[in-house]
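Read off the chains here:
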Amino acid sequence: QVQLVESGGGLVQAGDSLRLSCVASGRTFSSYTMGWFRQAPGKDREYVAAIWRAGSTYYADSVKGRFTISRDNAKNTVYLQMNRLKPEDTAIYYCAATSAALTPRIKDYAYWGQGTQVTVSS
């Protein structure tokens, strides 16, 4: 069982940066692939980025070059650095964990946090 708690969301202006954090419980954090997803009002949840236990990363095209996912296994934490934010990045951002390899599929992720709101004003 893994419990995930996100933080770092907020209200920012277009072009600003934010860093989201997700702290995981348990001693097996390093064995999980960690992902970030987001859900905008009235839209389906969508994949943002993922990082494999060995450090490989995979990004959605919409955030490639602007967002960076990283992890600190000693702190049981995964981060999402978001730069050059756009109004269309406004959403609730969720952290998730899977024992599978790098995957963008929501159904592959067994553990989810409760989300943190990111709002980008124009």
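Everything numeric in this text was worked out from a predicted model, so none of it was measured.

Attention now moves to the sheet that holds strand 3 (residues 18-24). Here we have four strands laid out as an open sheet, ordered 1-3-8-7, and antiparallel in their pairing. With one partner strand each, in any of the chains shown, strand 1 (4-7) and strand 7 (67-72) form the two edges of the open sheet. Here the strands of the sheet are splayed against their neighbours by 15° on average, with no regard to which way each runs. One ladder, built from four bridges, connects strand 1 with strand 3; its direction is antiparallel. Counted as the bridge partner of Leu4 is Ala24 from strand 3.

Only one face of strand 7 is covered, namely the one carrying Phe67, Ile69 and Arg71; the face carrying Thr68, Ser70 and Asp72 has none of its residues buried. Here six bridges tie strand 7 to strand 8 (residues 77-82), and the two strands are oriented antiparallel to one another. Each bridged residue has a counterpart across the sheet, and for Ile69 the counterpart in strand 8 is Leu80. Taking the residues between adjacent antiparallel strands as the criterion, strand 7 and strand 8 are bridged by four residues, where Asn76 takes a positive phi near 50°.

Basis of the calculations
- Residues numbered from 1 in each chain as written.
- Predicted model: local features only at pLDDT ≥ 70, side-chain atom pairs only at ≥ 80, totals over all residues.
- Heavy atoms only, no water.
- Pairing = 2+ DSSP bridges.
- Helix = DSSP H or I, 4+ residues; strand = E, 2+ residues; numbered from the N terminus.
- Axes fitted to C-alpha atoms, helices over the stretch in contact; angles between N-to-C directions.
- Buried < 20%, exposed > 50% of the residue type's maximum accessible area, 1.4 Å probe, protein only.

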